[in-house]
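If you want the building blocks of each chain, they are given just below.
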Amino acid sequence: MPVTPRKNYADLFRTPEFSPLFLSTSADIAARTVSGLALGTLVFRATDSPLLSALSMFGPALAQVLGATLFLSGADRLPPRATLAGLSLAFAAATAALALPGLPVWAMLAVVLSEGLIASLGGGVRWGLLNEILTKVGYLAGRSLFNMMSGVTQITGYAAGGVLVTLLSPRLCLLLAAGLYGAAAGLALLLTRRPPRAAGRPSVTATWRANSLLWSARPRRHVYLALWIPNGLVVGCESLYVSYDPRAAGTLFACAALGMLAGDVTVGRLLPARLRPRLGVPLLVLLAAPYLALFLRPPLPLTAVLVALASVGFGASLVQQERLVTLTPDELTGHALGLHSAGMLTAQGLAASLAGTVAQFTSPATAMSAMAVVSLAVTLALTVASRRDAGDGGLLPRRVPEAA
């Protein structure tokens, strides 16, 4: 049955197939959280390099652009259950390989880049299936709950991961993450068998054709750029937590996740629908502005508050995703959401590389503030362009023509 955005979240769990998808995704995020912190710590201990530490945690996102170019047509052309289970098993194997003693750093980076390549397909399959289960009317409510779950899982995962990395070892934490990926695969198998949403075989040609169609409309281009760039630059700030304060990195990641959770609850549940489109730009400003103060190296409690406050701004992505879904034909929903996910993660990986490079030559605190300045500048430029083209006052106009 269709689920409206204003229904109680409990109603979502009465929708067939929502629960196994939710639980499988939860296990996947927990595994990614624990493995990212463990690998970033392991690489930083071995190299003392902010750049390599950032790349180890966010480098897989760099491969997303290649996956989006080659494989993304499979998001609507492959059976969802088998694809999600297979991807989780592949991640379990790769994460277990990262725990091998004596594995050189270059080999670790090669493994995480291969993970990013196969992960480019997962976002499209998962979010396309969610849209199919709940329909476009209920997508925002469902995605809001998934984002809330992601925040809670990251808070728990980073807090627990920080303790486990200190008390045990990063390699044992990587093996724990591999087990969580295996659990995600088992939960995905509880989904109902569904046929692909679109006919035809996945191919590079089909991927390029769909990407070109999605990119051809100016309104979608604005939404994609707003989803990818300001968000990615702020994630570049987050990629420096380990080098900024190695002992408190888990705390900072947990505070960021707490802020993201607050933003998702506010946008997805508390705000009336008529206000949401107008808050996209203010939330993007909030996402970057608190990081401007970090070059002063404030004490840890204040830094944690600033990080949490900034992460409330991630709620902007819910507003933008709702707009993207309304602009996309049903048969391309999975592909469109997969392109959003792949592009966002690619931007995050590039931003992590840039932030790590700046930190290598200056300091992590200075690099964080610099990334925040660029994020604010991009938000301003996108806002001006959107208002000029649509004449409706923001990055997410409510009524715009489809033609480019």
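Refer to the structure printed above.
Going along each chain's sequence as written, the residues are numbered from 1 onward. Restriction of local features to residues with pLDDT of at least 70 applies here, the model being predicted, together with a cutoff of 80 or more for giving and counting side-chain atom pairs; totals for whole chains, interfaces and linings are based on all residues. Processing note: side-chain calculations cover all non-hydrogen atoms of the structure and skip hydrogens and water entirely.

**Student:** Could you give me a rundown of the overall build of the protein chain, with the residues and numbers involved?
**Tutor:** When you go through the protein chain residue by residue, the secondary structure sums to 17 helices and zero strands. Burial statistics for the protein chain: of 404 residues in total, 59% are counted as buried. It only takes one pair of heavy atoms within 4.5 Å for two residues to be counted as in contact. Look at the contacts in the protein chain between residues 6 or more apart in sequence, and 85% of them connect residues 24 or more apart. Accessible surface is estimated by sampling points in the Shrake-Rupley manner with a 1.4 Å probe; for residues, cover comes only from the protein chains shown. Surface exposure of the protein chain reaches about 15600 Å², of which carbon and sulfur atoms provide 70%. Helical segments are the DSSP runs of H or I of at least four residues, strand segments are the runs of E of at least two, and each set is numbered from the N terminus. Throughout, exposure labels follow a simple rule: accessible area from a 1.4 Å probe, protein chains only, divided by the maximum for the residue type, with under 20% read as buried, over 50% as exposed, and the rest as partly exposed.

**Student:** Let's hear about unusual backbone geometry: which residues, and what values?
**Tutor:** If a residue is not glycine, its phi is most likely negative; likewise, a peptide bond is most likely trans. Non-glycine residue glutamate 17 carries a positive phi angle of around 80 degrees. Locating glutamate 17 in the fold gives a position in the loop between α1 (9-12) and α2 (18-47). Glutamate 17 sits in the buried class, given a relative accessible area of 13%. Its identity as a non-glycine residue notwithstanding, arginine 297 has a phi of 55 degrees, on the positive side.

**Student:** Quick rundown of helix α16 (residues 333-361)? Include the residues and the values.
**Tutor:** Taking 1.5 Å per residue as the helical rise, α16 with its 29 residues ought to reach 42 Å, and the 42 Å between its terminal C-alpha atoms agrees with that figure. Within α16, 22 of the 29 residues are buried, which leaves the element mostly enclosed by the surrounding structure. To estimate how far a helix should extend, the number of its residues minus one is multiplied by 1.5 Å.

**Student:** Residues and numbers for the packing of aromatic side chains, please.
**Tutor:** Classification of ring pairs uses Phe, Tyr and Trp, with its six-membered ring standing for Trp, and accepts pairs whose centres are within 6.5 Å; under 30 degrees between planes counts as stacked, over 60 as edge-to-face, and the remaining range as tilted. Tallied over the entire structure, the rule returns eleven aromatic pairs. Ring geometry for tyrosine 241 versus phenylalanine 253: centroids 4.8 Å apart, planes at 65 degrees, classification edge-to-face. Here the residue tyrosine 241 occupies a position in helix α11 (residues 241-244), and phenylalanine 253 occupies one in helix α12 (residues 249-270), the gap between them amounting to twelve residues. Taken individually, tyrosine 241 and phenylalanine 253 each receive the classification buried, so the pair is uniform in this respect. Clustering of aromatic rings is evident, with ring pairs tying together Phe13, Phe18, Phe22, Trp127 and Phe146. Lying over the aromatic face of tyrosine 244, arginine 297 brings its terminal NZ or CZ to 4.1 Å of the ring centre. Either the NZ atom of lysine or the CZ atom of arginine qualifies as a charge over a ring when it sits within 6 Å of the ring centre and within 35 degrees of the ring normal.

**Student:** Just give me the short version of the pattern of salt bridges, but keep the residues and values in it.
**Tutor:** If charged atoms from side chains of opposite charge come close, those side chains can pair. What counts as a salt bridge is simple: a side-chain nitrogen of Lys or Arg found within 4 Å of a carboxyl oxygen of Asp or Glu. All chains considered together, the criterion is met by three salt bridges. Ionic pairing is found between arginine 194 and glutamate 17, a salt bridge with its closest N-O pair at 2.6 Å. Of this pair, arginine 194 sits in the loop between α8 (170-188) and α9 (204-215) while glutamate 17 sits in the loop between α1 and α2; the two residues are 177 residues apart in sequence, bridging distant segments of the chain. A residue is classified by how much of its surface remains accessible, and arginine 194, at 22% relative accessible area, is partly exposed. Residue arginine 32 is joined to aspartate 28 by a salt bridge in which the shortest nitrogen-to-oxygen separation is 2.8 Å.

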